[in-house]
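Now for the letters of each chain:
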Amino acid sequence: MTHTEIEITAELVRDLLLDQHPDLADYPVSLGARGWDNQLWRLGDDLAVRLPWATQSADELLRKEHTWLPTLAPRLPLPVPVPQRLGEPSARFPRPWIVTTWVPGEPADRAPVTRGTEAADTLAAFLTALHQPAPEEADTAGRGRGGPLAGSSEWVAQQLASATELGLIPDPDAVRAVWEDAAAAPDWTGPALWLHGDLHPANVLTADGTICGVIDFGDLFAGDPACDLAAAWTLLPDGAADRFYAAYQPAPDAATLRRARGWAVIRALVGLHVGDAGVHGRPGGKATWGPPAHAALRRLIATAHR
């Protein structure tokens, strides 16, 4: 993570608004969250300001959201942060930033889904609506998430070994078996579909035990739906994955289901390491990422031979 050298404060956010969008400058400003790529500042009751503060790729991701989300959002059955304004780099802040709608709810890494049946149906409806063929000009790279799973095998082996050494995985052979089956599945041959690309628990919001919103579309890209379908394992409670896959349309074939399990392994390994870093106070760590990652691997292993 490369944090910006400029400290982002409520005063800075107000000054940026006053310079470029003065009609919004009088709304109350308060810190919402510090994410992986951006800081989120609430603006009044219904808006938010997102400013890049870590990773050099954050600028491009914000501009991508500003370009595509206003077109995609109207067809989605869950609230998403719809960009309203674009802030350009300036002497005050040398990076782009955006004003979006505010989506209420608690991140699922802090308030996990408990109503599995309802959440499975909600998530399936959301991804069914999102997963439509994307235009040719859409991003197909997805920060390395758009290619065949087999290309990630070396990374998975390294992360699995590291997590095992840290004592985070009691049965690495079982995890390896899930991964190897997924990596051996036939590749996606259908059209490149719109994907969220980063459906981990911190990017999905909950209320009253079910899913109420989806945020952070910076990784939006076009490709294999299995990347998003992994969310059945990383977001939903035990026993809900079958309900999700039955509700999602069109019904995924066996190869897509196998690849989805592989993407779930990747997300879980990331979550384990980020969670462990948070527990031990290392930079970039978020302790709340660990428990959902452990649960996802447990579910994947338990259903490996079904």
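Residues numbered from 1 in each chain as written. Predicted model: local features only at pLDDT ≥ 70, side-chain atom pairs only at ≥ 80, totals over all residues. Heavy atoms only, no water.

Chemist: Got a minute to help me understand the pairing of strand 5 (residues 97–101) in this structure?
Modeler: Residues in a regular strand point their side chains to alternate faces of the sheet. The buried count for strand 5 comes to four of five residues, which makes it a mostly enclosed element. Both strand 3 (residues 47–52) and strand 5 contribute to a ladder of four bridges, which runs antiparallel. Residue pairing for strand 5: Val 49 is matched across the bridge by Val 99. Direction of pairing for strand 4 (residues 83–87) relative to strand 5: antiparallel, over a ladder of four bridges. Looking at strand 5, one finds that Gly 87 is bridged to Trp 97. (Buried < 20%, exposed > 50% of the residue type's maximum accessible area, 1.4 Å probe, protein only. Helix = DSSP H or I, 4+ residues; strand = E, 2+ residues; numbered from the N terminus. Pairing = 2+ DSSP bridges.)

Chemist: Can you walk me through the sheet that holds strand 8 (residues 204–207) in this structure?
Modeler: Neighbouring strands of a sheet are bound in pairs by backbone hydrogen bonds; such pairs are parallel or else antiparallel. An order of 6-8-9 is seen for the three strands of this open sheet, with the pairing classed as antiparallel. Pairing within the sheet leaves two strands with one partner each, and these edge strands are strand 6 (106–107) and strand 9 (210–214). Relative to strand 8, strand 6 runs antiparallel, the two being bridged by two bridges. Residue pairing across strands places Glu 106 opposite Thr 206, the latter belonging to strand 8.

Chemist: Teacher, can you tell me more about the pattern of salt bridges here?
Modeler: Where charged atoms from two side chains of opposite charge come close, those side chains can pair. As enumerated under the stated definition, the model contains 17 salt bridges in all. Between Asp 224 and Arg 259 there is a salt bridge; the shortest N-O distance is 2.6 Å. One end of the pair, Asp 224, is in the loop between strand 10 (221–223) and helix 6 (226–229); the other, Arg 259, is in helix 9 (residues 254–279), and 35 residues separate them in sequence. Both residues of the pair, Asp 224 and Arg 259, belong to the buried class. (Salt bridge = Lys/Arg side-chain N within 4 Å of Asp/Glu carboxyl O.)

Chemist: Quick question: what am I supposed to make of helix 10 (residues 290–302) here?
Modeler: In an α-helix, one turn spans 3.6 residues; hence positions three or four apart end up facing the same way. Spanning 13 residues, helix 10 covers 19 Å between terminal C-alpha atoms, matching the ideal 18 Å at 1.5 Å per step. If you check which residues of helix 10 are buried, you get Gly 290, Pro 292, Ala 293, Ala 295, Ala 296, Leu 297, Arg 299 and Leu 300. As for helix 10, its buried residues are in contact with helix 5 (172–183), helix 7 (231–234) and helix 9. (Expected span 1.5 Å × (residues − 1). Contact = heavy atoms within 4.5 Å.)

Chemist: Which parts of the structure should I look at to understand the sheet that holds strand 1 (residues 29–34)?
Modeler: Sheet architecture is open: five strands sit in the order 1-2-3-5-4, paired in antiparallel fashion. Pairing within the sheet leaves two strands with one partner each, and these edge strands are strand 1 and strand 4. Each strand axis lies, on average, 25° off the axis of its neighbour in the sheet, ignoring direction. Against the sheet, helix 2 (residues 58–72) makes contact with strand 2 (38–43), strand 3, strand 4 and strand 5, and its axis sits at roughly 140° relative to strand 4, the strand it touches most. (Axes fitted to C-alpha atoms, helices over the stretch in contact; angles between N-to-C directions.)

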